[in-house]
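# Summary of the model geometry
Each chain, written out:
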4 protein chains.
Amino acid sequence: MAGNSFGTLFRFTTWGESHGPAIGVVVDGCPSLLDLSEADIQPWLDKRRPGQSKYTTQRQEPDQVKILSGVFEGKTTGTPVSLMIENTDQRSKDYSEIAGKFRPGHADYTYWNKYGIRDYRGGGRSSARETACRVAAGAVARKVLGSGIQVRGALVQIGPHKVDRSRWDWAEVDNNPFFCPDAQAAAEWATYLDGIRKSGSSIGAVVEVVASGVPVGLGDPLYDKLDGDLARAMMTINAVKGVEIGNGFEAATLTGEQNADEMRAGPNGEPEFLSNQAGGILGGISTGQDVVVRFAVKPTSSILTPRHTVNLDGQDTDILTKGRHDPCVGIRAVPVGEAMMACVLADHLLRHRAYTRG
Amino acid sequence: MAGNSFGTLFRFTTWGESHGPAIGVVVDGCPSLLDLSEADIQPWLDKRRPGQSKYTTQRQEPDQVKILSGVFEGKTTGTPVSLMIENTDQRSKDYSEIAGKFRPGHADYTYWNKYGIRDYRGGGRSSARETACRVAAGAVARKVLGSGIQVRGALVQIGPHKVDRSRWDWAEVDNNPFFCPDAQAAAEWATYLDGIRKSGSSIGAVVEVVASGVPVGLGDPLYDKLDGDLARAMMTINAVKGVEIGNGFEAATLTGEQNADEMRAGPNGEPEFLSNQAGGILGGISTGQDVVVRFAVKPTSSILTPRHTVNLDGQDTDILTKGRHDPCVGIRAVPVGEAMMACVLADHLLRHRAYTRG
Amino acid sequence: MAGNSFGTLFRFTTWGESHGPAIGVVVDGCPSLLDLSEADIQPWLDKRRPGQSKYTTQRQEPDQVKILSGVFEGKTTGTPVSLMIENTDQRSKDYSEIAGKFRPGHADYTYWNKYGIRDYRGGGRSSARETACRVAAGAVARKVLGSGIQVRGALVQIGPHKVDRSRWDWAEVDNNPFFCPDAQAAAEWATYLDGIRKSGSSIGAVVEVVASGVPVGLGDPLYDKLDGDLARAMMTINAVKGVEIGNGFEAATLTGEQNADEMRAGPNGEPEFLSNQAGGILGGISTGQDVVVRFAVKPTSSILTPRHTVNLDGQDTDILTKGRHDPCVGIRAVPVGEAMMACVLADHLLRHRAYTRG
Amino acid sequence: MAGNSFGTLFRFTTWGESHGPAIGVVVDGCPSLLDLSEADIQPWLDKRRPGQSKYTTQRQEPDQVKILSGVFEGKTTGTPVSLMIENTDQRSKDYSEIAGKFRPGHADYTYWNKYGIRDYRGGGRSSARETACRVAAGAVARKVLGSGIQVRGALVQIGPHKVDRSRWDWAEVDNNPFFCPDAQAAAEWATYLDGIRKSGSSIGAVVEVVASGVPVGLGDPLYDKLDGDLARAMMTINAVKGVEIGNGFEAATLTGEQNADEMRAGPNGEPEFLSNQAGGILGGISTGQDVVVRFAVKPTSSILTPRHTVNLDGQDTDILTKGRHDPCVGIRAVPVGEAMMACVLADHLLRHRAYTRG
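Chain A is annotated in an unreviewed UniProt entry as Chorismate synthase of Azospirillum rugosum. Listed in UniProt under the heading Pathway (unreviewed entry), the comment for chain A reads: "Metabolic intermediate biosynthesis; chorismate biosynthesis; chorismate from D-erythrose 4-phosphate and phosphoenolpyruvate: step 7/7." Looking at chain A in UniProt, the text filed under Catalytic activity (unreviewed entry) is "5-O-(1-carboxyvinyl)-3-phosphoshikimate = chorismate + phosphate".

This is the structure:
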């Protein structure tokens, strides 16, 4: 326990359950004198918000964020920024049926075992609803990063269908309900996902997050390496089963010649990399290139096909999860991945400053 | 900086450079009354030790560990366990040629940028030599875990060549220089890696680490999840570019039906899982099944083929790394991955006790 | 920054300013299955609440606590317990006059310097109002400690007037507005403090907090010693300038013979101490005796006598602080000191369990 | 456990027992490019070293420090600085007699209880010998602080005898074996302490540590306040029972008028304080004035007068501690207090830089 905080100098702590009165996050270590208002945070929450297309859960949540502390006359004061989001559309009744059973793929069994009690209403603390707090913290982190560092995410694979990188266009990401950078793939995915949705099934996906404008030097070897922190950050997102940096698992199949990012002197003699297999990180420290992270999201565990399970009395039973769910939780994981990337970078940016102001 | 510690209750801090007088690790938070002597640690160091086959660097290091504190009359006292390993075979001259150039794929450029200085002798702090300290800490962690929890690792892929899981035999792991659980694959790898080695090239690999006998309940949601900590632990190992839990990236291609680990009541009514796609972790908490982690290791960056780079004066040049290197660093990453798994589990085992001794 | 959390396993994070919409605390690491409701927390807040006698500030705050998360059907779930207290009686106008001046003894100057901005309404984050959050966290900590461990505080000195320890009676503490364990002293203090109050002045005080029923073994040498953590805990309370354990500064005047806590075998052969000069802590670990901590609280800095100061333009001026203030902030520091003691003990109780041999 | 580290960005971890082969400290988070060699550390160790006068233990320890990592060609590299000091004069036989008894005032009983085992040779981990590691870390911290920040300590009271502050002369501190800033007091103390020593008794003392040149803004409210961290730092030093900042406990006896540090505009309009009752800290943040800390050290527990105690079998017995001890451990606590002050300031200096607007 005591595991609900993330970061060292830029540190946030989240709280709240899916069906309690509210959820929230306390961002501690935010520098002072940054312009900050709800208007800076709300757009990112809206991007993650459910019920915006038929491809995400129909739960209706306005997700209105309130700043409760840390801001005075429109500027951060250097004190904790407390953000709260009220839960409005709770419909606990939807979940009453599953109170006594362990849903396969969900955290029901492990929470029940670890804590001896679980809030069975929509997963309680283990619900993806908590990711709204991460997104809110990420919006504050973006303020710390400033306009020079850009963090963008996209869905690059859904089930077996990958985007065609030759067609990659960041502008397309906001033109489809999948945050897909490839318009043609997005059209194909729509048909594919309709089938998944109508059959009451679900499907996995892969998210890619890219940070541009990252200065050289972020990351603290050997155990607070930038890639180590990013791996932890992404793996703690609900349903994530794998994380890779740069070429990731493909690196296992390459030779040293193929994998080497060679260098040449740039116009002003500064070193320039000729490729970015490493994903912008060498020895756990940013190289100044784009930082590239990908993570795999498993299919939504709540499906309409009955699955074998047991109940709290240890008896065999089956379960079929009604209620409102995302056929592909990977879609809404895009803004969450962006937020975690922003938070990790903000933390390391502050850490880096500590040692470079001699 | 201040990033050289790992863990919370079972916490280790490593120090030392590749070519300094010694390297070492301080293990803080080791419970008292555990039997511990150098003989408990040395075998694991020997397993990682270089120069044992033609497939690993020929650097000769006895890697003799010395216990400097924390043990009295053969038992741990609950005070810090300080372990030291002297560097004997340093051959700094081997590295003098590269002092002024940035080796592609190495941390030379980022360390030089971040710190304004680097110990160019064999990579200094960024050398894989530091992993000996992780292995030593892991040996202490195994004592904390006790005999009921078994942590084993294997090399499951080298370049494009994967093991055949139908031939998996843990006993084979110690019968070949690759820690390969598939005797037939090991024979094929020998030929393949000979070619790589003779051509002065290198190749990537994938390591799998499995922990058996792990109790239900380890892991502290939402940010100290067991899988989050494992991802960070593995990603901080030199040359690792990707980490996955259970079916990992494959989960992205599966439907909810395919990915669900269904349950049935066991002989005594206790829940039993019918599969382990999740890799023994649900909601960031161990399920009691095998905890399964895989990570990708990039090919050794030091190769005999010249690569483009720049020197400290910002001029174009090429570099060819002589010296003694592993054609596949993935091999020696196996005991390191085991050690990190053991340390993460030991930390969470102690954390779990804190809340279950009411 | 990022300095708004306290504790490791039992860890709380506070947020909020004196005149924002609310203040709050997130308690992370609270074990599950503890009975917890607002009714368990409110009495402690009421004890600290202002406006209850003419000896404390007349600010009227109901300090109604709301549990926003971490409790399900009356029991803690092991997830973060988020507690919120709304600010009702803010009267910002009272403070407008001081916006441009640095109040001597207050944090105005240092906050303005450190953050480049300050919420001048009643001290903002530096206001003692935040201590309500500590008291709320302390109420949760008492649940973790259980009924076997009792934490009690008292005011033992006000200005030059100390209690007579021969008349010490814990029952008296709730019979007077000073939390004074000596009825006769309380009567004398009433007259004395009336004079202070009417003259618009203020006075310092000393608080003593005692924990009974503490098991042997709490505290983690060498830097997380129980006394070290208690010293930090108390010194972070507003206006505290000194902390001592057991006989404290008096120990400086004693010989080894006088200071020794001798031992004798108890009825069952278990060691018993014949005295408690050490205040229940040896080598940073609890001895099983009462843990005794005292701390000095400086006089309220806000007084009606004009003091020299400067304004934000760097010009000389004088300041006279009107508004509603405590003539002796030491009084209301008693429940705060109790709360911090409870939190430190709860944290170390959980830490100790982690290492208790299973 | 896991309590052997101190600091966040400038963090050190100590290890080692009084009678093991060596003791040491790993300083993590030391910025790069600082000139550092053994010659920078040794003088501070020599200042603390025993056996230098008849007023301190006659144990002979050269306390030669060795730098094992973190320094390359005379400069810090930003990687962990590992420092080791070998134990040479161990004489375990001196301690064999006390193996089965609990020495009053020592940590014997609590360690035995907490860990179920103790290294009885000279206190093992609980021995003041560990403070040599703090002094070594402090020497590195001074490098981080640079020449602009000066940290000095003095003994201001021994038993009932205080220095006369009107005679305070820092230059005198190195002219007597007591680190006493008052030459006349030093002469009187010599006679007094001779009596204590010859009678086989011991006496307590008070140490004062002053830091000059500290910039405004160090300290992270509300729980990482500068005074809170200093209180913890000093309280963790062996035998310390009380800590105060500025006027400390005297503040309890003062009125608001007496305690106020008034301000006036300085020559360039910058605010200047007219007094320093606060000890250079307001609201947990440094004011730019001298930071003043005092701590009380109890008398050495090892005395030649027999004391009542019990043995491990729970039987009554008496104990008389022979061996080599300091009649007043407060003397050697002076350089230790300086070191802890330097480490706390170095940590907060780095933390402050992280948030200084670039």
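### Quick look at the overall build of chain A
The helix and strand tally for chain A stands at eight helices and 18 strands. For 358 residues, the compact-globule estimate of 2.2 N^0.38 gives 21 Å, and the C-alpha radius of gyration of chain A, at 21 Å, lies within 12% of that figure. Considering only C-alpha atoms, chain A reaches an extent of 70 × 50 × 35 Å along its principal axes. When burial is assessed residue by residue, chain A has 70% of its 358 residues classed as buried. For chain A, restricting intrachain contacts to residue pairs at least 6 apart in sequence, the fraction spanning at least 24 positions comes to 70%. When the accessible area of chain A is evaluated, it comes to approximately 10,400 Å², of which 49% is carbon and sulfur surface.

### Details of the relation of the copies chain B and chain A
Note on the copies: chain B fits chain A at an RMSD of 0.0 Å, the axial shift is 0.0 Å, and the rotation between them is 180 degrees. The transformation just described matches what one would write down for a two-fold rotation axis. Comparing contact sets, 100% of the residues at the interface of chain B also lie at the interface in chain A, consistent with an isologous, same-surface contact.

### Notes on the sheet that holds strand β16 (residues 291-297) of chain A
Read across the open sheet, the ten strands follow the order β9(A)-β8(A)-β10(A)-β16(A)-β11(A)-β11(B)-β16(B)-β10(B)-β8(B)-β9(B); overall the sheet is antiparallel. The open sheet has two edge strands with one neighbour each: β9 (161-162) of chain A together with β9 (161-162) of chain B. Strand direction decides the pairing type here: strand β11 (residues 240-245) of chain A and β16 of chain A, joined by five bridges, are antiparallel. Each residue of the ladder has a partner; that of G242 of chain A, found in β16 of chain A, is A296 of chain A. Together, β8 (150-158), β10 (205-212) and β16 of chain A form the strand contacts of helix α8 (residues 333-355) of chain A, whose direction differs from that of β8 of chain A by roughly 145 degrees.

### Quick word on the UniProt feature "binding site: FMN" (unreviewed entry) in chain A
Residues and elements named next belong to chain A. Under the feature "binding site: FMN" (unreviewed entry), the UniProt entry names R125, S126, S127, N238, A239, G283, K298, P299, T300, S301, S302 and R324. Mapped onto the elements, N238 comes out in the loop between α6 (226-235) and β11. For N238, a relative accessible area of 17% corresponds to the buried category. Here S126 takes part through its backbone oxygen, which lies 2.9 Å from a polar atom of the side chain of N238.

### Concerning the relation of the copies chain C and chain D
By a simple turn and slide, chain C fits onto chain D: the slide is 0.0 Å along the axis, the RMSD is 0.0 Å, and the turn is 180 degrees. When you check the interface residues of chain C against chain D, 100% turn up at the interface there too, and the contact is symmetric in its surfaces.

### Here's the deal with the interface of chain B and chain A
Across the contact, 105 residues belong to chain B and 105 residues belong to chain A. When chain B packs against chain A, close to 8,400 Å² is buried across both sides, 60% of that on carbon and sulfur atoms. Where chain B packs against chain A, one counts ten salt bridges. Across the pair D224 of chain B and R232 of chain A runs a salt bridge, and its minimum N-O distance is 3.0 Å. At the boundary of chain B and chain A, one finds 61 residue pairs in polar contact (both at pLDDT 80 or more). Classifying every residue of the side of chain B that touches chain A gives 46 nonpolar, 37 polar and 22 charged.

### A short note on the state of the cysteines
Here the structure, examined in full by the defined rule, presents zero disulfides over all chains. With no disulfide partner, C343 of chain B has as its closest neighbouring cysteine sulfur the one in C30 of chain B, 11 Å distant.

### Some points on the interface of chain C and chain D
Chain C puts 105 residues into the contact, and the matching count from chain D is 105 residues. Note on chain C versus chain D: buried area summed over both sides is about 8,400 Å², and carbon and sulfur give 60% of it. For the interface between chain C and chain D, the tally reads ten salt bridges. R307 of chain C is the partner of E262 of chain D in a salt bridge, and the nearest nitrogen-oxygen pair spans 3.9 Å.

### Some words on the confidence of the model for chain A
On average, chain A scores 93 in pLDDT, and the residues at 70 or more come to 95%. The complex prediction reports pTM at 0.97, with the ipTM value standing at 0.97.

### With respect to the layout of surface pockets
Using a probe with the size of a water molecule, rolled over the atoms, empty space left in the structure can be pinpointed. As a volume, the largest pocket reaches approximately 930 Å³. What lines the largest pocket is a set of 31 residues, among which E244, F249 and E250 of chain A together with E244 and F249 of chain B lie closest to the centre. The set of elements that each furnish at least two residues to the lining of the largest pocket consists of β8, β10 and β16 of chain A together with β8 (150-158) of chain B. For the lining of the largest pocket, the class distribution of residues is ten nonpolar, ten polar and eleven charged. There is about 620 Å³ of room inside the second largest pocket. Surrounding the second largest pocket, 24 residues form its lining, K162, E244, N247, E250 and R294 of chain C being those nearest its centre. Elements with a contribution of two residues or more to the lining of the second largest pocket: β8 (150-158), β10 (205-212) and β16 (291-297) of chain C.

### Concerning the packing of α6 of chain A against helix α6 (residues 226-235) of chain B
Direction vectors running N to C along α6 of chain A and α6 of chain B enclose 160 degrees, while the axes themselves pass 8 Å from each other. Compared by their axis directions, α6 of chain A and α6 of chain B come out roughly antiparallel. In this structure, α6 of chain A meets α6 of chain B at a crossing whose hand is right-handed. Each of D227, G228, D229, A231, R232 and M235 of chain A in α6 of chain A lies in contact with α6 of chain B, whose residues at this interface are D227, G228, D229, A231, R232 and M235 of chain B. Residues belonging to the contact of α6 of chain A with α6 of chain B are distributed by class as follows: four nonpolar, two polar and six charged.

Rules used in this analysis
Residues numbered from 1 in each chain as written. Chains lettered and ligands numbered in written order. Predicted model: local features only at pLDDT ≥ 70, side-chain atom pairs only at ≥ 80, totals over all residues. Heavy atoms only, no water. UniProt positions renumbered as here; feature names shortened; annotations may be inferred. Helix = DSSP H or I, 4+ residues; strand = E, 2+ residues; numbered from the N terminus. Rg over C-alpha atoms; globule rule 2.2 N^0.38 Å. Buried < 20%, exposed > 50% of the residue type's maximum accessible area, 1.4 Å probe, protein only. Contact = heavy atoms within 4.5 Å. Areas by Shrake-Rupley, 256 points an atom, 1.4 Å probe, with all protein chains shown as cover. Least-squares fit on C-alpha atoms with pLDDT ≥ 70 in both. Pairing = 2+ DSSP bridges. Axes fitted to C-alpha atoms, helices over the stretch in contact; angles between N-to-C directions. Polar contact = N/O pair within 3.5 Å; in protein donor to acceptor, adjacent residues only side chain to side chain. Buried area = accessible area lost by both parts, 1.4 Å probe. Salt bridge = Lys/Arg side-chain N within 4 Å of Asp/Glu carboxyl O. Nonpolar A, V, L, I, M, F, W, Y, C, P; charged D, E, K, R; others polar. Disulfide = S-S within 2.5 Å. pLDDT = per-residue confidence, 0-100. 1 Å grid on protein atoms, 1.4 Å probe; cavity = no way out; pocket = protein on both sides within 12 Å on 5 of 7 lines; lining within 4 Å. Points joined across faces, edges and corners; volume = space filled by probe spheres on them. Parallel < 35°, antiparallel > 145°, perpendicular 65-115°, else oblique. Left-handed = near helix turned anticlockwise from the far one by under 90°.

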